[in-house]
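Structure at a glance
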Amino acid sequence: RLVHLSTTAVYGPDHVGRIPETAGPRPVHAYEKLKLREEAWLRLNRADLEVVVVRAAAGFGGHDPILERLLRQLRAGSLRLVKGGRAERTFLAGPDLGRALYAAAVRGRSGATYLAGGFDGTWRDLLTMAAAVMGIPARISSIPYDLAYIDAAVRWLRTRGGQECWPNHYGLDMLAKNHVYDDSSSRRDLSWSPQVGSFDEGVMELVNWFQQRRHLAPAPGAEETLAISPQDT
């Protein structure tokens, strides 16, 4: 049996309300399409393997390059996010992901696809809590989506091949749009439920990891997030 870790990103960024497990994938960005193709390729080439797919919600904690970028910008003075970072999404703690994968390995049906969600929150809530733990002000302001989209497009056109572009349109949609999921069927089928229900239980891991990296120089462009200007208006 092979349990494949996929992502809820395959559902795409453009949904209204809570996304059910029965929703059809609508990937838009390259990463989303790639992850959906991975699922399809495994099913076509599984041979004698039993393949079970787990689509996991967004994780939070250490070793996350996007959260590192956001925290660097916040520590530098201010951070601008679409809607002020108030877009809602479902987050999943690392230990709960491990429990979901184990449940899929022992109780999942061959060929089935499961969704692993945790709890709903916002990027602003997470970053504000992390800033409080670090003892820095959480200066998070808002920027219109259209302006952020144009800025990301210009940045993309100016980025040379092989170089990293941040923010790109995938990163913008991930931070700016609501991504909340209903995984109730998967919880029942796998006899699984998350044990971490808030950022309080994982923010220390994130902050400790981030502070250990403070002495490292950021990569070129790492301080650039969805902030167009460092000044609040």
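1. Comments concerning the packing of helix α2 (residues 65–76) against helix α4 (residues 123–134)
A pair of packed helices can be characterised by two numbers: the angle between their axes and the separation between those axes. With their axes 11 Å apart at the nearest point, α2 and α4 run at an angle of 55° to one another. Judged by the angle between their axes, α2 and α4 are oblique. The element α2 and its partner α4 pack so that their crossing is right-handed. Contacts between α2 and α4 involve Leu67, Leu70, Leu71 and Leu74 from the first element and Trp123, Leu126, Leu127, Ala130, Ala131 and Met134 from the second. Its residues placed into classes, the contact of α2 with α4 shows 10 nonpolar, no polar and no charged.

2. Considerations on the pairing of strand β6 (residues 88–92)
In terms of residue burial, β6 counts as a mostly covered element, since 4 of its 5 residues are buried. Relative to β6, strand β4 (residues 58–59) runs parallel, the two sharing 2 bridges. Bridged to Gly59 within β6 is Leu92. Of the strand pairs in this sheet, β6 and strand β8 (residues 119–122) are connected by 4 bridges, and their pairing is antiparallel. Looking across to β8, one finds that Thr90 is bridged to Asp120.

3. Section: the sheet that holds β4
Note: strands within a sheet are paired through backbone hydrogen bonds, in either parallel or antiparallel orientation. With mixed pairing, 3 strands are arranged side by side in an open sheet as β4-β6-β8. Every interior strand has two partners, whereas the edge strands, β4 and β8, have only one. Sheet strands in contact with α4 are β6 and β8, and its direction is about 75° off that of β8.

4. Considerations on the packing of aromatic side chains
Scanning the model with the defined rule gives 10 aromatic pairs in all. Residues Tyr11 and Tyr181 carry aromatic rings whose centres are separated by 5.9 Å and whose planes lie at 40° to one another, so their mutual orientation is tilted. With a gap of 170 residues between them, Tyr11 in the loop between β1 (2–7) and β2 (19–20) and Tyr181 in strand β10 (residues 181–182) connect regions that are remote in the sequence. Taking the relative accessible area as the measure of exposure, Tyr11 reaches 2% and is therefore buried. With 5.1 Å between their ring centres and 75° between their planes, Phe91 and Phe199 make a pair best called edge-to-face. Of this pair, Phe91 sits in strand β6 while Phe199 sits in the loop between α7 (184–190) and α8 (203–212); the two residues are 108 residues apart in sequence, bridging distant segments of the chain. Per residue, the accessibility class of Phe91 equals that of Phe199, and both read buried. If you follow Arg55 out to its NZ or CZ, it ends over the ring of Tyr11, 5.2 Å from the centre.

The rules behind the values
- Residues numbered from 1 in each chain as written.
- Predicted model: local features only at pLDDT ≥ 70, side-chain atom pairs only at ≥ 80, totals over all residues.
- Heavy atoms only, no water.
- Axes fitted to C-alpha atoms, helices over the stretch in contact; angles between N-to-C directions.
- Helix = DSSP H or I, 4+ residues; strand = E, 2+ residues; numbered from the N terminus.
- Parallel < 35°, antiparallel > 145°, perpendicular 65-115°, else oblique.
- Left-handed = near helix turned anticlockwise from the far one by under 90°.
- Contact = heavy atoms within 4.5 Å.
- Nonpolar A, V, L, I, M, F, W, Y, C, P; charged D, E, K, R; others polar.
- Buried < 20%, exposed > 50% of the residue type's maximum accessible area, 1.4 Å probe, protein only.
- Pairing = 2+ DSSP bridges.
- Phe/Tyr/Trp six-rings, centres within 6.5 Å; stacked < 30°, edge-to-face > 60°.
- Lys NZ or Arg CZ within 6 Å of the ring centre and 35° of its normal.

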